Amino acid sequence: TDAGVREKVTAKLEKLARSESQIEDIKKKAGVERLLDEAMEAFNVGDMSGALQNYEKILELDSEHVMTYYNMANIFLELKLMEKAKSAYEKTLAINPFYVFGSIGLARLHVFSGQPDKAIEVLRDTLKWYGGDHEVSLYLGLAYAFKKDTRKAIEAFEDSLQWDPTYPPAHYYMGIQYQSWNQDLAKKHLQTFLQLVPLRPGYENLRPGAEKILNKL
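Caption draft 1: Layout of the overall build of the protein chain. Regarding its fold elements, the protein chain presents 11 helices and zero strands. The N-to-C order of helical and strand elements in the protein chain reads α-α-α-α-α-α-α-α-α-α-α. Sequence-distant contacts in the protein chain: of pairs separated by 6 or more residues, those separated by 24 or more amount to 45%. A total accessible area of about 12,900 Å² is found for the protein chain, and carbon and sulfur atoms account for 53% of it.

What follows is the structure, given as structure tokens:
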């Protein structure tokens, strides 16, 4: 019957539409992956504008690509473009409120912008649904250190080391906090930091500060 033929044709067309949409989806994902790789290559050779251009292209393909906003925010932070960085971190959380890297990034930005209370607020909100980790505790500690609340800063850095005993910046900032009232502990943490730096790259910029303080203690 005509109705039966129409039904079969409709079913075939729907199947075709589904497979075409799946192919488009696969192409889009492959395009995003390629652009992510190109952005990372550009970033690794210090070509920030090249990296940002690739991230912009990703957003043309997928306007809600969380990792892209996060990576862009990190670049903006490095370039000291604080408002752009803040906006991009906030976008990650608007897309996914449980994206913990976005929360940590936003808190880090607030600490570096001299707004410790805002950093504490972001991290406390995060800890309502997240169990915590060494980075969350580190930035909580830095926010309290900025407020000159040494006791709470040390507690947070201790928590960070509970999560990860070989986390170099937690040892470094513990040494900073202890230097004025417990020189033995300050020495211990700064020496540990210097031992760990070669094993955990990324914190070499803190080395001169650690060596300078140790020479004075």
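Caption draft 2: Highlighting the side chain of Thr92. Relative to the elements of secondary structure, Thr92 occurs in helix 4 (residues 82-95). The buried category is assigned to Thr92, whose relative accessible area is 0%. In this structure Thr92 touches Val66, Tyr69, Tyr70, Tyr99 and Gly102, once residues within four positions along its chain are discounted.

Caption draft 3: Representation of the environment of Ala186. With respect to the element layout, Ala186 can be found in helix 10 (residues 183-196). A C-alpha to C-alpha distance of 6.9 Å links Ala186 and Met174, two positions 12 residues apart in sequence. Contact partners of Ala186, with chain neighbours within four places excluded, come to Gly175, Tyr178, Gln179 and Leu217.

Caption draft 4: Up close: the nonpolar core. Tyr55, Tyr89 and Leu138 are the most contacted members of the largest nonpolar core, which totals 51 residues. The greatest single-element share of this core, amounting to eight residues, is contributed by helix 3 (residues 66-78). The contact partners of Tyr55, leaving out residues within four places of it in the chain, are Leu36, Ala39, Thr68, Asn71, Met72 and Ile75. Of all hydrophobic cores here, the second largest spans nine residues; its members include Leu194, Val197, Leu206 and Leu214.

Caption draft 5: Just the layout of surface pockets, in detail. Roughly 350 Å³ of volume is contained in the largest pocket. Lining the largest pocket are 14 residues, and of these Phe112, Tyr139, Gly202, Tyr203 and Asn205 lie nearest its centre. Secondary-structure elements contributing two or more residues to the lining of the largest pocket are helix 5 (100-112), helix 7 (134-146) and helix 9 (168-178). Along the lines of polarity and charge, the residues of the lining of the largest pocket split into 10 nonpolar, two polar and two charged. Roughly 170 Å³ of volume is contained in the second largest pocket. Top element by residues in the lining of the second largest pocket is helix 3. It accounts for four residues.

Caption draft 6: The arrangement of helix 8 (residues 150-163) in detail. If you check helix 8, its first and last C-alpha atoms are 20 Å apart, about what 14 residues at 1.5 Å a residue would give, namely 20 Å. Here the buried face of helix 8 lies against helix 7, helix 9 and helix 10.

Caption draft 7: Focus on helix 3. Taking 1.5 Å as the rise per residue, helix 3 with 13 residues should run 18 Å; its terminal C-alpha atoms sit 19 Å apart, in good agreement. Most of helix 3 sits inside the fold, with 10 of its 13 residues counted as buried. Of the residues one or two after helix 3, Lys80 is the one with positive phi, at around 65 degrees.

Thresholds, definitions, all that
Residues numbered from 1 in each chain as written. Predicted model: local features only at pLDDT ≥ 70, side-chain atom pairs only at ≥ 80, totals over all residues. Heavy atoms only, no water. Helix = DSSP H or I, 4+ residues; strand = E, 2+ residues; numbered from the N terminus. Contact = heavy atoms within 4.5 Å. Areas by Shrake-Rupley, 256 points an atom, 1.4 Å probe, with all protein chains shown as cover. Buried < 20%, exposed > 50% of the residue type's maximum accessible area, 1.4 Å probe, protein only. Core = buried A, V, L, I, M, F, W, Y, C linked by side-chain atoms within 4.5 Å. 1 Å grid on protein atoms, 1.4 Å probe; cavity = no way out; pocket = protein on both sides within 12 Å on 5 of 7 lines; lining within 4 Å. Points joined across faces, edges and corners; volume = space filled by probe spheres on them. Nonpolar A, V, L, I, M, F, W, Y, C, P; charged D, E, K, R; others polar. Expected span 1.5 Å × (residues − 1).

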